[in-house]
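Structural description and commentary
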Amino acid sequence: MQKTKILLDENDIPRKWYNILPDMPTPVSPPLNPGTKEPIGPKDLSPIFPMELIKQEVSQDRFITIPDEVRDIYALWRPAPLYRAHRLEAALKTPAKIFYKYEGVSPAGSHKPNTAIAQAYYNMKEGTERLATETGAGQWGCALALATTYFDLKCTVYMVKVSFTQKPYRRSLMHLWGADVIASPSNHTDSGKKILSKDPGSPGSLGIAISEAIEDAASHEDTHYSLGSVLNHVMLHQTVIGMEAKEQLARVEEYPDYIIGSVGGGSNFAGISFPFLSDKISGKHDVKVIGVEPTACPSLTKGEFRYDFGDTAGLTPLLKMYTMGHEYIPPSIHAGGLRYHGLSPIVSQLYADKLIDAVAYHQKEVFEAAVTFARSEGIVPAPESSHAIKCAIDKALECKRNGEKKTILFNLSGHGHFDMSAYDSYFSGNMKDSS
Ligand SMILES: *Cc1c(COP(=O)(O)O)cnc(C)c1O
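Rules used throughout
- Residues numbered from 1 in each chain as written.
- Predicted model: local features only at pLDDT ≥ 70, side-chain atom pairs only at ≥ 80, totals over all residues.
- Heavy atoms only, no water.
- Helix = DSSP H or I, 4+ residues; strand = E, 2+ residues; numbered from the N terminus.
- Buried < 20%, exposed > 50% of the residue type's maximum accessible area, 1.4 Å probe, protein only.
- Contact = heavy atoms within 4.5 Å.
- Near = heavy atom within 4 Å.
- Polar contact = N/O pair within 3.5 Å; in protein donor to acceptor, adjacent residues only side chain to side chain.
- Areas by Shrake-Rupley, 256 points an atom, 1.4 Å probe, with all protein chains shown as cover.
- Nonpolar A, V, L, I, M, F, W, Y, C, P; charged D, E, K, R; others polar.
- Domains from an automatic or database assignment.
- UniProt positions renumbered as here; feature names shortened; annotations may be inferred.
- Core = buried A, V, L, I, M, F, W, Y, C linked by side-chain atoms within 4.5 Å.

Some words on the environment of His285
Relative to the assigned elements, His285 resides in the loop between helix H13 (267-281) and strand E11 (288-294). Given a relative accessible area of 31%, His285 falls into the partly exposed group. Considered as a pair, His285 and Pro31 are 254 residues apart in the sequence and their alpha carbons are 32 Å apart. The residues contacting His285, other than those within four sequence positions of it, are Tyr255, Asp279 and Lys280.

Re the site of the ligand
The environment of the ligand is formed by 18 residues, the closest being Lys112, Ser229, Gly264, Ser267 and Ser413. The contact in question runs from an oxygen atom of the ligand to an N or O atom on the backbone of Gly264, over 2.7 Å. Across the complex, the protein chains shield 98% of the 380 Å² of accessible surface that the ligand would expose by itself. Taken together, the elements giving at least two residues each to the shell around the ligand come down to H13 and helix H17 (383-402). Split by residue class, the shell around the ligand holds two nonpolar, 14 polar and two charged. Both domain 1 (4-12 + 77-109 + 239-428) and domain 2 (17-64 + 112-232) contribute no fewer than three residues apiece to the shell around the ligand.

Topic: the UniProt feature "modified residue: N6-(pyridoxal phosphate)lysine" (unreviewed entry) in the chain
When the UniProt feature table is mapped onto this chain, "modified residue: N6-(pyridoxal phosphate)lysine" (unreviewed entry) is found at Lys112. Mapped onto the elements of the fold, Lys112 is located in the loop between strand E5 (97-102) and helix H5 (113-125). For Lys112, a relative accessible area of 14% translates into the label buried.

Some points on the nonpolar core
In this structure, Trp17, Val70, Tyr74, Ile117, Phe151, Met174 and Trp177 are the most contacted members of the largest nonpolar core, which totals 38 residues. The set of elements that each furnish at least two residues to this core consists of helix H3 (68-74), H5, helix H6 (139-150), strand E7 (154-160), helix H8 (168-176) and strand E8 (180-184). Taken domain by domain, the makeup of this core includes at least three residues from each of domain 1 (4-12 + 77-109 + 239-428) and domain 2 (17-64 + 112-232). If near-sequence neighbours (up to four positions away) are discounted, Val70 is found in contact with Trp17, Ile117, Ala118 and Tyr121. Counting 32 residues, the second largest nonpolar core, distinct from the first, contains Leu249, Ile272, Phe274 and Ile356.

Thoughts on unusual backbone geometry
With an omega of -10°, the peptide bond running from Arg78 to Pro79 counts as cis. Turning to its location among the elements, Pro79 is positioned in the loop between H3 and strand E4 (82-84). At the junction of Ser184 and Pro185, the peptide bond is cis and its omega measures out at 10° in the coordinates. Tracing the sequence through the fold places Pro185 in the loop between E8 and helix H9 (190-198).

If you want it as structure tokens, here you go:
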């Protein structure tokens, strides 16, 4: 029997996260206070984040211990399986070997609980009673709602209004896990009221919802804010993905030539690639690392590398990142998790230093790849993850043309069970490309 699924034991769940900060050839530029333009310090962040996460944000320790309480919860679905895509390879008639790490096995169906669990844990430890956050399509809101149930925290999710009405099942899931879900823009915050007074029918955006969640956290003593991507500590927590994948590939004596991940804020991409990038930086292994984004929101391939706000209202610190501009409202594509104007400062700096590559695709070609994958491997991929699939297929076909037996690893960041209306739209022929 050919080996299809490479599994690890519970004991093989990583004991430490990998922190890439001390290994970066060019250090990341510090976040700036928007008023003074001075680098912000721990005191500026303490109203909204617990101290442990603030420390992780700037830590120069290469490895950071994962608390036992967090590992115990990871054990409900980790180590996540690594698959060899034999059937996809056969369908493409490629000599390349394709492997994918599947993060859709978490209760929320994506990689996002890897950081949500850690963030809820540190907040619980430091006495936080409630977490406020934003969500676009709902994956992050679901992950945090799930995480807060494990630690008896309350959870308030500001959900972008169009998704609130169009994605009822992710909303139901957040309710099931005990979260309060509020359509954003809302009357709960000044930022929300300001938008509503100008535009009562506003469909909302991720940038607006972030402003509301931060304002909620900053104005309530018992409440902290939680972000599902972009920040350094989020990239850190996601490295369990790549650390496991590296061990799994080692067990079948493989090392990837290509590593591919979709890029929204950069966290699942960081998670799969950083543990391998450390080998590239140290000169141990050469590997081509590719981030994949939608042409509708091409921060890496078309954005500018400069300081910008993380939200619409300008409440966040300024981050140096590839950005489309904080007032950019991306066209409403089905990969809602990739509709963010900015990007992780770490991923941005690595791109500026040419350690990683990027490519952008239109949504119809992405769905075509998703269908090829579902009809060969069976798993229904999330539209976000399908960006990585499209790139992996392109690389496999390139290997076929060149007769090369390369090894390709991509991250299947989540399943698409709540995205069936997007598949319906693709099959009906109504799906449009925009750029
Ligand atoms: C949120 C999400 C993404 C994009 O976010 P990153 O922080 O870039 O990983 C990708 N895939 C899935 C399934 C998501 O839920």
